[in-house]
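The lines below spell out each chain.
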Amino acid sequence: MNKLMGTAPRHPGLWVDVTEADMYSSQTIQTLQTVTQGESELGQLCSQLASLSQQGRWIVLISPPHIGYKHMLANAGVRMDRILLVHTKDEVETLWAMEKALTSGTSSAVITWTSSLDARDSRRLEIVAKSARALGVVIEDVNTHSPEKHHLINPTSPSATSNFAGFH
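Being a predicted model, the structure only gives us computed values, none of them experimental.

1. Things to note about the nonpolar core
Logical step 1: Counting residues in hydrophobic clusters, the biggest one holds 21 residues, and the most contacted among them are L42, L49, L61, L73 and I111.
Logical step 2: Taken together, the elements giving at least two residues each to this core come down to α2 (39-53), β2 (58-62), α3 (69-75), β4 (107-114) and β5 (135-141).
Logical step 3: Sort the elements by how many residues they give to this core and α2 lands first, with 6 residues.
Logical step 4: Once residues within four sequence positions are removed from consideration, L61 is found in contact with Y69, L73, I83, L84, L85, V86, I111 and W113.
Logical step 5: In this structure, I62, L95, A101 and L102 belong to the second largest nonpolar core, which totals 16 residues.

What follows is the structure, given as structure tokens:
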């Protein structure tokens with residue numbers, strides 16, 4: 001006769017303590033829309049990235065534009081020896097690199113710059129978020145969205161200008 005001793009759950013997988021790395025496993029991947037190539041959005045994340053860089057894992061930047069991010073991160077106290085730059089040739093490779101960086105367990109944050117995500121790519125990232133072990137942020141440039149979304153941007157605003165030469 002098998003008796004359950006104490007209040008321990010029956011499944012051995014439930015006996016394991018939750019580690020700090022596993023706390024990110026239920027993270028969502030945050031999508032931020034920008035007209036400034038992500039400069040202001042990255043500025044808002046800097047303090048969080050500074051503390052994450054102290055963990056000794058990578059802060060992965062995928063396809064960042066030339067917005068002075070190195071100076072911005074260094075001024076915020078981010079350990080620059082923990083920054084990993086990934087340059088991709090297209091959107092497919094960008095999303096693949098993000099997926100691998102989020103699920104590898106070697107990163108504490110993954111920030112990706114991209115044009116716009118279609119429904120399929122958004123769904124793919126939702127699935128990746130279930131096994132993500134890092135903070136995930138996608139910065140979408142609204143200047144590359146379809147024309148019907150451009151009415152949300154004030155064309156006289158200095159932040160509404162497009163600079164596609166910054167993408168590489």
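2. Some points on the pattern of salt bridges
Logical step 1: Within this structure, the stated rule accounts for 3 salt bridges.
Logical step 2: With a shortest N-O distance of 2.9 Å, R79 and D81 are connected by a salt bridge.
Logical step 3: Among the ionic pairs, R123 bridges to E126, the shortest N-O distance being 3.0 Å. Taken as a pair, R123 and E126 lie in helix α5 (residues 119-129) at a separation of 3 residues, close to a single helical turn.
Logical step 4: Since its relative accessible area comes to 42%, R123 is described here as partly exposed.
Logical step 5: Overall, the relative accessible area of 46% leaves E126 in the partly exposed class.

3. With respect to the sheet that holds β2
Logical step 1: With respect to topology, 5 strands assemble into an open sheet ordered β1-β5-β4-β2-β3, the strand pairing being parallel. In the strand order of this sheet, the two ends are held by β1 (29-34) and β3 (83-86), each with one partner. Adjacent strand axes in the sheet meet at a mean angle of 15 degrees when their direction is disregarded.
Logical step 2: When β4 meets β5, the two strands line up parallel, connected through 6 bridges. Bridging across to β5, T112 finds its partner in V138.
Logical step 3: α2 rests against β1, β2, β4 and β5 of the sheet, and its axis sits at about 160 degrees to β4.

Criteria and cut-off values
- Here the residue numbering is sequential within each chain, running from 1 through the sequence in written order.
- pLDDT decides what is reported in this predicted model: residues at 70 or higher carry local features, side-chain atom pairs at 80 or more are listed and counted, and totals for whole chains, interfaces and linings draw on all residues regardless.
- As a rule here, side-chain values cover all heavy atoms of the structure and leave hydrogens and water aside.
- Only buried Ala, Val, Leu, Ile, Met, Phe, Trp, Tyr and Cys residues count toward a nonpolar core, and they belong to the same one when joined by side-chain atoms within 4.5 Å.
- Burial here depends on accessible area, computed with a 1.4 Å probe over protein chains only, as a share of the maximum for the residue type. Under 20% is buried, over 50% is exposed, and the range in between is partly exposed.
- Secondary structure elements are taken from DSSP: a helix is a run of H or I of four residues or more, a strand is a run of E of two residues or more, and numbering for both begins at the N terminus.
- Whether two residues are in contact is decided by their heavy atoms, any of which lying within 4.5 Å being enough.
- Salt bridges are identified by distance alone: a Lys or Arg side-chain nitrogen within 4 Å of an Asp or Glu carboxyl oxygen.
- A pair of strands counts as paired when DSSP detects no fewer than two bridges linking them.
- Every axis corresponds to a line fitted to the C-alpha atoms, with the helix fit spanning only the stretch in contact, and the corresponding angles, defined between N-to-C directions, vary from 0 to 180 degrees.

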